[in-house]
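What follows is each chain in one-letter form.
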Amino acid sequence: MALKKIQLRPGIFREGTNYANQGGWFDCDKIRFRFTFPEKMKGWVKNSTAQFIGICRAMIAWGTLAGQNYVGLGTTSKYYVQLSSGGSFIDITPIRVTTTFAASNLMSVNSGSASIYIRDVTNAGTATVGDYVNIANAVTVGGITAANINTQTGWVLTGVFYSTAPIVANVITTTNGTKTISVAWANNTLEVGNFISVAGLTGGSIGGITLAEMTGVFVVTSILTSGVTVTGFTYSVPTTNATSTASGGGSTYTIGVSDVKMTVGAAATSTTIGGTTGTPPATTLAYQLQVGLNVSTTGDGWGSGTWSRLGWGTGYGVVTASTALRLWSHDTFGQDLIINVRDGGIYYEAQTSIAASTETAPVRAVNITTLTGANNVPTVAREIAVSGTSRHALAFACNPYGESDASPMLIRWSSAEDITDWQPRTDNSAGDIIMSTGSQFITQIHAKQQIVIWTDISMYALSYVGAPYYFGLEQIGYGTSIIGPNAKSSVDDSVYWMGDNAFYRYNGRIEQLQCTVKDYIFSRLNAAQAEKIVSGTNLALGEVMWFYVSSSSPGPDYPIDSYVTYNYLQELWYYGSLARSAWLDFAQDGLPIATGEDRYLYNHEVGNDDGSTNPASPIEAYITSSPFEVEEGDSFVFVRQIFPDLTFNTSDGTSPPSATFTISGYNYPGAGITEPTLINSFGPDTAEVTAVSTTELNQFTQQISLRMRARSVSVKLSSTGLGVAWRFGAPRFEIRTDGRR
């Protein structure tokens, strides 16, 4: 018998059949290749015990002159800044609009409930359930103290009620001897405590109550039903009891409702109205930016469905920041931060404001249009960036000068060193340029000395060229797609991205990467959620990763659950399952950080376990080879011993580390694997069976004894233990040829 060294080709290969990949690796999860040998992926721990609200889609890290290291996080609901590693998340989400009350008694509460109904005629019509609203200068109402109502971090809206519906005649009814007014309004969505306004009543008094007393603003006291069907509601007039039961109201009149509802910090002890004051300091509601969608939607608008599916010149609808998957772009302007919600406004947060913020009293980012000296600042943009060489702020797919609607191929920039001055003049360097090839801007990324831009069908490089034009635009590609706005990474002089059906690199020229797992990845990708795809780098290991939603990810949220990695130093591919919605390399501690679908921030490359649980859980990792022929393949071989080549050098568990080594035998291509029957050690078994041998390996395992007869074999190494780290080398097999049948 002879010893045969088994050294498999590095990287995972799925661009063919299992047998065609003879001598290579075919399947894996949570492994990587270093110096061509597979090893288990390192672990992760929570960066902070605090959770953020929403799913994070973008992160940025930057430092200050004082040595502070910040991280900005844009989620589907808010924008946060973390002031130090391990710290809490400061909510700096900008305010969208503010209501200042000029009257009192505009809050309604019900005894035993912490819900408050607030009548906001000005802004209820643009509010949505899930939005966050700050309250200032409210007063105690129904036993709920002002401290339990006022908030700088925001209450979430649990209901929005807005209607100015005309009501058919003769549906107002009085009840004899009471102040109760019944209004027939089928299938209304009102709740007890809602404010309603009654206007436009005509005719004479009803049941002895004048129309003037029934007109105005009231609170819903009950909901009328017939079985399970809502038929109307009641309210009470302030002074007069009806002298009869009667109906009236005239030919048409209006019932209006303009309420927002939220749950505050304590329950009411009585049913009443109040809480607001029109005297200084007036009560205010400050609506934060509307929350965005957590799923991609289909349609014909910008960002609807998957990217680049509509042909060049195909019409598009109007998309706003609240009607598409919530994505952010951000960049630093010196020590300060500029943020932009996709297809929304551009906001600014000074470093001094960040430093002055606390979790309960944040200083929020403000729209640049509100800053002193603001001159023709874009009011809407798809993305923003800052030129590192010239210190111009840039807005992509923004509104032109003097217009309000976005132009999908326009790029504008501010004057150098000034984020407020966007009006081109002879005494500044503001300007604009239009991309000519394509129908809409998709995304951009900083590269060395330039910004690389994708439209729906082309690519450009934007470079600073100095006066008088300041920026020059060069088309560098045509017919190249990008699958989503975050599916790109920049590494040194190269840019990597994921297209509709391939992976690409730009390093002065565009090239399609030779991907050995392309069909596997694109066949299992949920293309309808392609906008969620996010790319990240691990420069210490030469890796570019793409995290995506697989076809098996459950709805309705379709969370990211998978990844694919390209090792550009070794030109190898591998993949696995991991839920990461945003990734940032070299952050506060020099480690990669990433956000999970569980709304936590994680430090990666730490330990060997899954730190999302307490205590930590094992990382289940494996790698499986394709069947390989130990000899020529036309003969059976008899395998008696295997001398494993496996190290556990960086394991850190309390128990001795181990891994499971499985060898499977095959007689024919496509043959199944069954449990082996007894094999005679002095010759081959006459039964036509395949075999599987499973052995638990530890650092002291020197050899594996087995009895296996097959034409080809495959190997699998897996581990499920705490603290386990392993690296697989080149094992030796003791074999002998054992005939052709």
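Treat the numbers as computed from the prediction; the structure is a model and nothing was measured.

Which residues make up the overall build of the chain, and what values go with them?
Counting its regular elements, the chain contains three helices and 59 strands. In terms of principal-axis extent, the alpha carbons of the chain reach across some 110 × 70 × 50 Å. Put simply, 65% of the contacts in the chain that link residues at least 6 apart link residues at least 24 apart. If you average the places of the 43 positive and of the 56 negative side-chain charges in the chain, the two averages end up 6 Å apart.

Can you explain the layout of surface pockets? Please cite residues and give values.
Here the largest pocket is characterised by a volume of approximately 1000 Å³. For the lining of the largest pocket, the secondary-structure elements that each account for two or more residues are β7 (56-63), β25 (328-333), β29 (383-386), β33 (441-447), β37 (488-491), β41 (534-538) and β45 (580-584). The element contributing the most residues to the lining of the largest pocket is β7, with six residues. Residue classes in the lining of the largest pocket are distributed as 17 nonpolar, 12 polar and seven charged.

Any chance you could break down empty space enclosed by the protein for me, citing the residues and the numbers?
For the coordinates displayed, the defined rule picks out five cavities of 30 Å³ or more. Empty space within the largest cavity amounts to approximately 100 Å³. Forming the walls of the largest cavity are 14 residues, and the residues nearest its centre are R32, M41, E543, M545 and T565. Of all the secondary-structure elements, those providing two or more residues to the lining of the largest cavity are β4 (31-34), β42 (543-548) and β43 (562-567). In terms of residue count, the dominant contributor to the lining of the largest cavity is β42 (three residues). Its residues placed into classes, the lining of the largest cavity shows eight nonpolar, three polar and three charged.

How would you summarise the pattern of salt bridges if you had to cite specific residues and measurements?
Evaluation of the coordinates by the stated rule reveals 16 salt bridges. The partner of D29 in a salt bridge is K30, and the shortest N-O contact between them spans 3.2 Å. Close ionic contact of K261 with E191 constitutes a salt bridge, the shortest N to O distance being 2.8 Å. Taken as a pair, K261 in strand β22 (residues 252-263) and E191 in the loop between β17 (180-184) and β18 (195-199) lie far apart in primary sequence, 70 residues in all. Salt bridges linked by common partners bring R32, E543 and E605 together as one network.

An account of the nonpolar core is requested, with residue identities and associated values reported.
Counting 70 residues, the largest nonpolar core has M498, F503, W546, W726 and F733 as the members making the most contacts within it. Counting 25 residues, the second-largest nonpolar core is a separate cluster that includes I181, I196, M214 and V220.

Describe the state of the cysteines, naming the residues involved and giving the relevant values.
Under the defined criterion, the tally for this structure stands at zero disulfides. Looking at C515, it has no disulfide partner, and the nearest cysteine sulfur is the one in C28, 12 Å off.

Lay out the sheet that holds β7 in plain terms, naming residues and giving numbers.
With antiparallel pairing, the four strands of this open sheet are ordered in space as β7-β8-β9-β10. This sheet does not close on itself; its edge strands, each paired only once, are β7 and β10 (89-91). For this sheet, the mean angle separating the axes of adjacent strands, direction not counted, is 25°. For strand β8 (residues 69-75) and strand β9 (residues 79-82), the ladder comprises four bridges, and the chain directions are antiparallel. Bridge pairing links L73 to Y80 in β9.

Residue-level account of unusual backbone geometry, with values.
A cis geometry characterises the amide bond from A467 onward to P468, with omega recorded as 5°. The topology assignment puts P468 in the loop between β35 (458-466) and β36 (470-478). Of note, the bond from N614 into P615 is cis; its omega dihedral lies within 30 degrees of zero at 0°. As for its placement among the helices and strands, P615 is situated in the loop between β48 (609-611) and β49 (617-618).

Please provide a residue-by-residue account of the pairing of β45, values included.
The element β45 is largely enclosed, with a buried count of five among its five residues. Taken together, the four bridges between β45 and strand β46 (residues 593-596) define a ladder with antiparallel strand orientation. Pairing of W583 across the sheet is with A594, part of β46.

Describe the side chain of T624, with residues and values.
Along the chain, T624 turns up in strand β50 (residues 621-625). Excluding anything up to four places from it in sequence, T624 contacts W25, F26, D27, V715 and K716.

Give me the packing of aromatic side chains: which residues, what numbers.
Under the criterion given, the structure shown has 28 aromatic pairs. Here the aromatic rings of Y496 and Y566 are separated by 6.1 Å at their centres, their planes lie at 50°, and the arrangement is tilted. Of the two residues, Y496 sits in strand β38 (residues 494-498) while Y566 sits in strand β43, which places them 70 residues apart along the sequence. The pair Y496 / Y566 is uniform in exposure class, with both members buried. Both rings, one in F547 and one in W583, keep their centres 5.6 Å apart while their planes meet at 25°; by these two values the pair is stacked.

Could you give me a rundown of the side chain of S458, with the residues and numbers involved?
Checked against the element boundaries, S458 lands in strand β35. Within polar-contact distance, the side chain of S458 engages the backbone oxygen of T437 at 2.7 Å. A distance of 2.6 Å separates a polar atom in the side chain of S458 from a polar atom in the side chain of T455. Excluding residues within four positions of it along the chain, S458 makes contact with T437, I453, Q475, G477, Y478 and T480.

Residues and numbers for the sheet that holds strand β47 (residues 601-604), please.
The strand order across the open sheet formed by six strands is β45-β46-β47-β6-β48-β49, and the pairing between neighbours is mixed. Where the open sheet ends on each side, the last strands, each with one partner, are β45 and β49.

So what's going on with the environment of P656? Which residues, and what values?
Its place among the elements puts P656 in the loop between β53 (646-647) and β54 (658-666). Residues P656 and G721, spaced 65 residues apart in sequence, show a C-alpha to C-alpha distance of 9.4 Å.

Cut-offs used in this document
Residues numbered from 1 in each chain as written. Predicted model: local features only at pLDDT ≥ 70, side-chain atom pairs only at ≥ 80, totals over all residues. Heavy atoms only, no water. Helix = DSSP H or I, 4+ residues; strand = E, 2+ residues; numbered from the N terminus. Contact = heavy atoms within 4.5 Å. Lys, Arg positive; Asp, Glu negative; His and termini not counted. Charge placed at Lys NZ, Arg CZ, Asp CG, Glu CD. 1 Å grid on protein atoms, 1.4 Å probe; cavity = no way out; pocket = protein on both sides within 12 Å on 5 of 7 lines; lining within 4 Å. Points joined across faces, edges and corners; volume = space filled by probe spheres on them. Nonpolar A, V, L, I, M, F, W, Y, C, P; charged D, E, K, R; others polar. Salt bridge = Lys/Arg side-chain N within 4 Å of Asp/Glu carboxyl O. Core = buried A, V, L, I, M, F, W, Y, C linked by side-chain atoms within 4.5 Å. Buried < 20%, exposed > 50% of the residue type's maximum accessible area, 1.4 Å probe, protein only. Disulfide = S-S within 2.5 Å. Pairing = 2+ DSSP bridges. Axes fitted to C-alpha atoms, helices over the stretch in contact; angles between N-to-C directions. Phe/Tyr/Trp six-rings, centres within 6.5 Å; stacked < 30°, edge-to-face > 60°. Polar contact = N/O pair within 3.5 Å; in protein donor to acceptor, adjacent residues only side chain to side chain.

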